[in-house]
Amino acid sequence: MPDPVFSDVTPRLGLPYVVAAQAQKHIPINESLARLDGLVQLAVESRSVSAQPTGPAAGGVWILPASATGAAWAGQPAGGLMRFEAGAWEPLAPAEGMLAWVKDENQMVAFDGASWTPLSATFRATTVAQTPGLANTRLEILEQEVTLSGASTATGIAIPNRAIVLAVSTRTTVAVTGAASYNCGVSGDASKFGGSLGVAKNSSNIGVVGPTAYYADTPVLISAVGGSFVTGKVRVAIHVLRFDAPAAVA
């Protein structure tokens, strides 16, 4: 049986093979170790920084946004990885299914082969009951990290139309400055899901309410107490029941 024929690199991570009778075998081995150091248990500095950093730490990895700039970053594909070590940048291609912790967002993201998506967005709903006609009841969580500024900040996500809210939970992911505390609610009821909540990093609240129906898409509102927001981030999770009518008939 003939020996298998290998390419120069591994098919998934692009790690260089050591070929038969190769001189200076330490070179591909060290290159493979460097890539593994960047890719295993991947933690990236950011996926929103577009300007190539001027003084990056050795081993730092970034997910490139669109239109990145800089001598090494410009022209690289959006969503690709850039790793810095020994004074040089190395582009790395992420594999489908790769996970990465994003340090400046305090969340995990997943690569689907085209783009990076917060992992929380992939675990959104569980169907708890369904009829033969496909009417169903779902438990669903919508989650977003919100950057706070000014007197109040509304979430980009919303309590869905014709959903029943069970709770809205929050966690302060970046310490809030400019306000003594904050309220979590909706327009017209600023503290519906919690009042005078903690501004220190990792302060949290589970704002349980009596099941409340909403008949329009309704953003959650984070309002400053005792000042205005200067900096800070809060992760907001909306816990709801949602419903689908029976499927259309032919």
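Let me sum up the structure you'll find in this document. Position labels on residues start from 1 in each chain and follow its written sequence. Only residues with pLDDT of 70 or above have their local features reported here, since the model is predicted, and side-chain atom pairs are shown and tallied only from 80 upward, although totals for entire chains, interfaces and linings are computed over all residues. To obtain the side-chain values, all non-hydrogen atoms of the structure were used and water was disregarded.

What follows concerns the packing of aromatic side chains. A pair of Phe, Tyr and Trp rings is counted when the ring centres sit within 6.5 Å of each other, with Trp represented by its six-membered ring. The angle between the planes then sorts it: under 30 degrees is stacked, over 60 is edge-to-face, the rest tilted. A complete count under the given rule lists five aromatic pairs for this structure. Measuring from centroid to centroid gives 5.4 Å for tryptophan 73 and tryptophan 89, while their planes differ by 80°, and the two rings are edge-to-face. With tryptophan 73 in the loop between β2 (61-63) and β3 (81-85) and tryptophan 89 in strand β4 (residues 88-92), this pair connects stretches of sequence that are 16 residues apart. Classification of residues uses two cut-offs on accessible area relative to the type maximum, computed with a 1.4 Å probe and protein chains only: under 20% is buried, over 50% is exposed, and between them is partly exposed. Classification of tryptophan 73 as buried rests on a relative accessible area of 0%. For the purposes of this entry, the term helix denotes a DSSP run of H or I that reaches at least four residues, the term strand denotes a run of E that reaches at least two, and both are numbered from the N terminus.

On to the sheet that holds strand β10 (residues 152-159). The strands that make up a sheet pair up through hydrogen bonds in the backbone, lying either parallel or antiparallel. Read from one edge to the other, the open sheet built from four strands follows the order β10-β15-β12-β13, with strand pairing classed as antiparallel. Looking at the sheet topology across the chains shown, the edges are occupied by β10 and β13 (189-197). With strand direction ignored, the average angle separating the axes of adjacent strands in the sheet is 20°. Pairing between two strands requires that DSSP report at least two bridges joining them. Sheet topology note: the strand β12 (residues 181-186)/β13 ladder contains three bridges and is antiparallel. The residue bridging tyrosine 182 from the neighbouring strand is leucine 197, located in β13. Think of each axis as a best-fit line through the C-alpha atoms, taken over the contacting stretch in the case of a helix, with angles from 0 to 180 degrees between the N-to-C directions.

As a further point, take the pattern of salt bridges. Whenever a carboxyl oxygen of Asp or Glu lies within 4 Å of a side-chain nitrogen of Lys or Arg, that contact is scored as a salt bridge. Inspection of every chain in the model, using the stated rule, returns eight salt bridges. The partner of arginine 47 in a salt bridge is glutamate 105, with the nearest N and O atoms 2.8 Å apart. With a gap of 58 residues between them, arginine 47 in the loop between β1 (43-44) and β2 and glutamate 105 in the loop between β5 (99-102) and β6 (107-111) connect regions that are remote in the sequence. Arginine 47 gets classed as partly exposed once you look at its relative accessible area, which sits at 23%. Taking the relative accessible area as the measure of exposure, glutamate 105 reaches 11% and is therefore buried. Residues joined by salt bridges that share partners form a network here, namely Arg138, Glu140, Arg242 and Asp244.

On to the nonpolar core. Most often, soluble globular proteins have nonpolar side chains that are buried together. Take the buried residues of types Ala, Val, Leu, Ile, Met, Phe, Trp, Tyr and Cys, join any two whose side-chain atoms come within 4.5 Å, and each joined set is a nonpolar core. Of all hydrophobic cores here, the largest spans 26 residues; its most connected members are Phe193 and Ile238. Elements represented by at least two residues in this core include exactly β9 (136-147), β10, β11 (163-177), β12, β13, β14 (204-214), β15 (218-225) and β16 (231-244). Setting aside residues no more than four positions away along its own chain, phenylalanine 193 makes contact with Ile159, Val165, Val168, Cys184, Gly185, Val186, Asn205, Gly207, Val209 and Tyr214. Membership of the second largest hydrophobic core comes to 14 residues, among which are Leu42, Leu81, Leu92 and Phe111. Residues are treated as being in contact if the distance between any of their heavy atoms lies within 4.5 Å.

Note on placement: glutamate 96 falls in the loop between β4 and β5. C-alpha separation for the pair glutamate 96 and glycine 113, spaced 17 residues apart in sequence, amounts to 4.4 Å. In contact with glutamate 96, not counting residues within four places along its chain, are Phe111, Asp112 and Gly113.

Moving on, we come to unusual backbone geometry. Positive phi outside glycine occurs at alanine 86, with the angle close to 55°. Following the sequence through the fold, alanine 86 ends up in the loop between β3 and β4. Despite not being glycine, leucine 134 has its phi angle at roughly 75°, a positive value.

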